[in-house]
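Each chain, letter by letter, is given below.
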Amino acid sequence: MSDTSETANSALAPKEMLLDAALIHVAFDGWSEATFQAAIKDSGIDPTVARAVCPRGAVDLAVAYHKRGDDEMIARMKSEDLTEMKFRDKIAAMVRFRLEAANDKEAVRRGTTLFALPQYAPDGAKLVWGTCDAIWNALGDTSDDVNWYTKRATLSAVYSSTVLYWLGDTSEAHAATWEFLDRRIDNVMQIEKLKAQVNNSPTLSKLMAGPNWLLSHVKAPTRMPKMGLPGSWTSPRN
């Protein structure tokens, strides 16, 4: 293992230890400073190190908890065979994998409350977007125009509403949640069908010519290839 990898792993380990220790307390104290201090005590991490890896305390642990769920979702997908599924069923499966990765519903509930606060709402929106971006990337999305944004925005709405439904679902094995998810995806598919009908209509397609021309100039963010190096560099735009 390279020195760089060892350094990265040693830097991540304290946060993972703090997160594991914090989850015991989140149900009682939420993602709060009290939880963060209890995590420091229970994990044995030096307070200076703990504050260095989590400058915002439990807020950063809540972010780490969400990202851990994303990682577990991707790992679950790699262990499953989705090849025979329709594409809409693959999306539903990925959302289900993500929710099932969150085995502590109270931690999710507390996180939803935290990221609903005005000062943390941007963090919450970024996390949801990141989850949906991970889903589309895992399913092989190659769009590089406005569809890159609309796919993630639409799935973000589906994912967010499903999470809220799941939090209140008491049905066996969350069967009601999966039915709700299927209905939301069906709604999205109907919108996509309507868009196709508009594009195929001689009259409506002419009306949409101007907006479509403008939208054709919207491009997805440029992504640098991962090279295993810290940081990245993007050439300046002219």
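Source: prediction; values computed, not measured.

Engineer: Help me out: how do you make sense of the overall build of the protein in this one?
Structural biologist: The secondary structure content of the protein amounts to 11 helices and zero strands. A fraction of 65% describes how many contacts in the protein between residues 6 or more apart in sequence connect residues 24 or more apart. By element, 59% of the accessible surface of the protein is carried by carbon and sulfur atoms, the whole surface being about 14,500 Å².

Engineer: Would you take a moment to explain the environment of A38 for this structure?
Structural biologist: Structurally, the position occupied by A38 is in helix α2 (residues 33–43). Its relative accessible area of 18% is what places A38 among the buried residues. For the pair formed by A38 and H25, sequence separation is 13 residues and the distance between their alpha carbons is 7.4 Å.

Engineer: Is there a simple way to think about the side chain of R98 in this case?
Structural biologist: Relative to the assigned elements, R98 resides in helix α5 (residues 87–101). Overall, the relative accessible area of 4% leaves R98 in the buried class.

Engineer: Honestly, the pattern of salt bridges in this entry has me stumped. Any pointers?
Structural biologist: Opposite charge on two side chains permits them to pair, given that their charged atoms come into close proximity. Under the criterion given, the structure shown has 17 salt bridges. Close ionic contact of E100 with R96 constitutes a salt bridge, the shortest N to O distance being 3.0 Å. Of this pair, E100 and R96 both sit in helix α5, four residues apart, roughly one helical turn. With relative accessibility at 34%, the residue E100 sits in the partly exposed group.

Engineer: Looking at this structure, I do not really get the side chain of T177. What am I missing?
Structural biologist: Mapped onto the fold, T177 is located in helix α9 (residues 175–200). Among the polar contacts made by the side chain of T177, one reaches the side chain of D169 at a distance of 2.6 Å.

Engineer: Explain the packing of aromatic side chains here, please?
Structural biologist: The geometry of an aromatic ring pair comes down to the distance between the two centres and the angle between the two planes. In total, this model carries five aromatic pairs according to the counting rule given. The interplanar angle of 40° and the centroid separation of 5.8 Å between the aromatic rings of W31 and Y65 together place this pair among those described as tilted. Taken as a pair, W31 in the loop between α1 (3–29) and α2 and Y65 in helix α4 (residues 58–79) lie far apart in primary sequence, 34 residues in all. We classify W31 as buried; its relative accessible area is 7%. In this structure an aromatic cluster arises from ring pairing among W129, W148 and Y149. Between K105 and the ring centre of W166, over which it is positioned, the NZ or CZ distance is 4.9 Å. Above the plane of the ring of F180 lies R184, whose end atom (NZ or CZ) is 4.7 Å from the centre.

Engineer: Is there a simple way to explain the confidence of the model for the protein in this structure?
Structural biologist: Do not read the fine detail of predicted coordinates wherever pLDDT is low. Chain-level pLDDT for the protein is 83 on average; 75% of the residues reach the 70-or-more range. Note on residues 227–238: pLDDT under 50 across the span, and four contacts to partners over four residues away in sequence or across chains.

How each quantity is defined
- Residues numbered from 1 in each chain as written.
- Predicted model: local features only at pLDDT ≥ 70, side-chain atom pairs only at ≥ 80, totals over all residues.
- Heavy atoms only, no water.
- Helix = DSSP H or I, 4+ residues; strand = E, 2+ residues; numbered from the N terminus.
- Contact = heavy atoms within 4.5 Å.
- Areas by Shrake-Rupley, 256 points an atom, 1.4 Å probe, with all protein chains shown as cover.
- Buried < 20%, exposed > 50% of the residue type's maximum accessible area, 1.4 Å probe, protein only.
- Salt bridge = Lys/Arg side-chain N within 4 Å of Asp/Glu carboxyl O.
- Polar contact = N/O pair within 3.5 Å; in protein donor to acceptor, adjacent residues only side chain to side chain.
- Phe/Tyr/Trp six-rings, centres within 6.5 Å; stacked < 30°, edge-to-face > 60°.
- Lys NZ or Arg CZ within 6 Å of the ring centre and 35° of its normal.
- pLDDT = per-residue confidence, 0-100.

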